[in-house]
Amino acid sequence: MNSLDDIWGVVLEQLSQKLTPTTIKAWFADCRPVEIEDSRLVISTKSDFKRDIIKDRYSEIVKEILSDLFSSKFDLLVLTEEELADYVSPKSADNDLPEMEGYTFDRFIVGKSNEFAHAAALAVAEKPGKNYNPLFIYGNSGLGKTHLLLAIGQYIRSKTPGVKIAYVKGDEFTIQMVKAIKEGTVDDFHTRYRGVDLLLVDDIQFIAGKRATQDEFFHTFNNIYEAGHQIVITSDRPPLEMSLLDERLRTRFEGGLMADIQPPDLETRMAIARNKAAQLGLILTDEVVGFIAKEITANVRQLEGVIKRLTAYMELLGDTPTMDIAKKAIEDVIRDGDYVPTPEKIIRETAKYYNIREEELTGQSRSKNTVMARQVSMHLMRTLTNLPLTAIGEHHGGRNHATVLSSIRKVEELLKSDPSMAGVIRDITSNITTNTGSL
């Protein structure tokens, strides 16, 4: 099954509902899809005249169909056969930052859970070093932090081709620094990171507690910041929750703009599922999209994993994605260890374990059994989802940041002093990850 042809087939089908059969035959009969690249469909036609007619009269209709199909803004490029020959000739590759390829703002699905972070990232990309420096984006794994980070780099590089950009993960920064010290190439290491116009750091939380790394990053940060250049950082939690983070770094991170990303709502998850499926040439029914979006709630990466599995079933077995196949794909994701439980699932299983109602766990009861259940639930929510403390508190009756932090620390202390607590955590975790509801 040719996925590109499938997508073009859907476009033609939609066009046939908007245009007459004569128009379709005259202008689109000999069109061929070439590729989809960077939120743009490329098609070819036989003559300059047809190319111009399609561009002038029908390109907006086609782009509207594509945007609906992909749930994001899409463009159309129409080439003649002669232009196509030049287009498909080998292009010079920019390999300075291969990690950026495919990560653009156009491909990022915006919803209520991430609109602030998206707006902040776009503002930084449009005026690097001027708006919000540093930009600190935080949230659970798999929600799109890295996408926004790299989209900023992609945007700036497209506007200023000669810009110097460095991208590094927190743990890689440590590895590279140690290697530079051992090999006597510290000056090269400094040049690599301190002399850039844009520094992109992913998962900064991994440098917390590493004294030498934090000291090196402190000086790197200062050099770039004082030069008026942009710094963008991502983390799975805000600086305040990194107990081992150097205070000098914490104050600098908090001195910029902090933007969090929460798990997407149902509407956004459905848009993400449709978008990812269309990119892979997979046309899903509304029923299947709705089912996937309702079952996979906490992690964008999980959604993408399910879509990829559906694509594999389609390509390898020739099966049209049905509800049964969608259920199978979701089971595969969970079995592969990518499963991130919802806060509701954690509360439900914890309450069941302690034989209390969910309303009691999240309510105001101060009975010893209920308090323990509440504290365990908070601990599990922190370790299994990495939600920020404020969000965990909201799921537990609106409790504040300090209360949540105190509850988590009490469970951590019990894990050190009471061997039975490890068994409790293990049993509830097992229930959470194996009882997959409707699956």
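Treat the numbers as computed from the prediction; the structure is a model and nothing was measured.

Q: Go over the overall build of the chain with me, naming the residues and quoting the values.
A: Scanning the chain from terminus to terminus reveals 20 helices and 8 strands. Along the longest, intermediate and shortest principal axes, the C-alpha atoms of the chain span 80 × 55 × 35 Å. Here the chain, with 439 residues, has 49% of them falling under the buried criterion. Accessible area of the chain: about 21,300 Å², with a carbon and sulfur share of 49%. Distance between charge centroids for the chain: 4 Å, based on 54 positive and 65 negative side chains.

Q: Break down the pairing of strand β3 (residues 75-80) for me, with residues and values.
A: Summarising the sheet, strand β2 (residues 40-45) and β3 pair through 6 bridges and their orientation is parallel. Paired with V42 across the strands is L77, a residue of β3. After leaving β2, the chain enters helix α3 (residues 48-70) and then returns to the sheet as β3, a path that is right-handed.

Q: Give me the lowdown on the side chain of D236, citing residues and values where you can.
A: Within the secondary structure, D236 sits in the loop between β7 (230-235) and α10 (247-254). A relative accessible area of 10% places D236 in the buried class. A distance of 2.8 Å separates the side chain of D236 from the side chain of R237, its partner in a polar contact.

Q: Got a sec to walk through the environment of V163? Specific residues and values, please.
A: Looking at the element boundaries, V163 is found in the loop between α6 (145-159) and β5 (165-169). With residues up to four places along the chain from it excluded, the contact list for V163 reads I156, R157 and D197.

Q: Describe the pattern of salt bridges, with residues and values.
A: Here the idea is simple: oppositely charged side chains can pair when their charged atoms come close. The full count for this structure, using the stated rule, is 16 salt bridges. R194 is paired through a salt bridge with E216; the nearest N and O atoms lie 2.9 Å apart. In this pair, R194 sits in helix α8 (residues 186-194) while E216 sits in helix α9 (residues 211-226), placing the two residues 22 residues apart along the sequence. Residue classification places R194 among the partly exposed residues on the basis of a relative accessible area of 22%.

Q: Can you explain the sheet that holds β3? Please cite residues and give values.
A: Ordered by their spatial adjacency, 3 strands build an open sheet running β1-β2-β3, and the pairing between neighbours is mixed. Pairing within the sheet leaves two strands with one partner each, and these edge strands are β1 (32-36) and β3. Strand-to-strand twist across the sheet, computed as the mean angle between neighbouring axes with direction ignored, equals 25 degrees. Bridge analysis of β1 against β2 gives 4 bridges, and the strand direction is antiparallel. Paired with E35 across the two strands is V42, which belongs to β2. Sitting on the sheet, α3 touches β1, β2 and β3, and the angle it makes with β3 is about 150 degrees.

Q: Could you give an account of the side chain of T234, with specific residues and numbers?
A: Among the structural elements, T234 can be located in strand β7. Only 2.3 Å separates the side chain of T234 from the side chain of D202, close enough to count as a polar contact. Setting aside chain neighbours within four positions, we find T234 in contact with I137, K145, L149, V201, D202, D203, I204 and Q205.

Q: Explain the environment of D203 to me, and be specific about the residues and the numbers.
A: Residue placement: D203 occurs in the loop between β6 (198-202) and α9. Separated by 57 residues in the primary sequence, D203 and T146 place their C-alpha atoms 8.8 Å from one another. What D203 contacts, discounting residues up to four positions off in sequence, is G170 and T234.

Q: Pulling in residues and values, what's your account of the confidence of the model for the chain?
A: The predicted model of the chain averages 84 in pLDDT, with 90% of residues at 70 or higher. Note that residues 90-96 has pLDDT below 50 and, in this model, 2 contacts with residues that lie over four places away or in other chains.

Q: Explain the packing of aromatic side chains to me, and be specific about the residues and the numbers.
A: Scanning all chains against the criterion turns up 13 aromatic pairs. Ring plane angle 55 degrees and centroid distance 6.1 Å describe the contact between F221 and F253, whose orientation is recorded as tilted. Within this pair, whereas F221 is found in helix α9, its partner F253 is found in helix α10, the two being separated by 32 residues in sequence. Look at F253 and you get buried, because its relative accessible area is 0%. Among the aromatic residues, ring-to-ring pairing joins F136, Y138, F173, F189, Y193, F217, F221, Y225 and F253 into one connected group.

Q: A description of α9 should follow, citing residues and the corresponding values.
A: Taking 1.5 Å as the rise per residue, α9 with 16 residues should run 22 Å; its terminal C-alpha atoms sit 22 Å apart, in good agreement. Buried residues in α9 make contact with α7 (170-183), α8, β6, β7 and α10. Residue G228 follows α9 closely and has a positive phi angle near 80 degrees.

Q: Help me get a handle on the sheet that holds β5, residues and values and all.
A: Across the sheet, which stays open at both edges, the 5 strands sit in the order β5-β6-β7-β4-β8 with parallel pairing between neighbours. Strands at the two margins of the open sheet, each flanked by one partner only, are β5 and β8 (257-261). Across the sheet, the axes of successive neighbouring strands diverge by a mean angle of 15 degrees, strand direction being ignored. Sheet topology places β6 next to β7; 4 bridges connect them, and they run parallel. Each bridged residue has a counterpart across the sheet, and for L200 the counterpart in β7 is V232.

Quick notes on the rules
- Residues numbered from 1 in each chain as written.
- Predicted model: local features only at pLDDT ≥ 70, side-chain atom pairs only at ≥ 80, totals over all residues.
- Heavy atoms only, no water.
- Helix = DSSP H or I, 4+ residues; strand = E, 2+ residues; numbered from the N terminus.
- Buried < 20%, exposed > 50% of the residue type's maximum accessible area, 1.4 Å probe, protein only.
- Areas by Shrake-Rupley, 256 points an atom, 1.4 Å probe, with all protein chains shown as cover.
- Lys, Arg positive; Asp, Glu negative; His and termini not counted.
- Charge placed at Lys NZ, Arg CZ, Asp CG, Glu CD.
- Pairing = 2+ DSSP bridges.
- Right-handed = clockwise from strand over helix to strand, strands pointing away.
- Polar contact = N/O pair within 3.5 Å; in protein donor to acceptor, adjacent residues only side chain to side chain.
- Contact = heavy atoms within 4.5 Å.
- Salt bridge = Lys/Arg side-chain N within 4 Å of Asp/Glu carboxyl O.
- Axes fitted to C-alpha atoms, helices over the stretch in contact; angles between N-to-C directions.
- pLDDT = per-residue confidence, 0-100.
- Phe/Tyr/Trp six-rings, centres within 6.5 Å; stacked < 30°, edge-to-face > 60°.
- Expected span 1.5 Å × (residues − 1).

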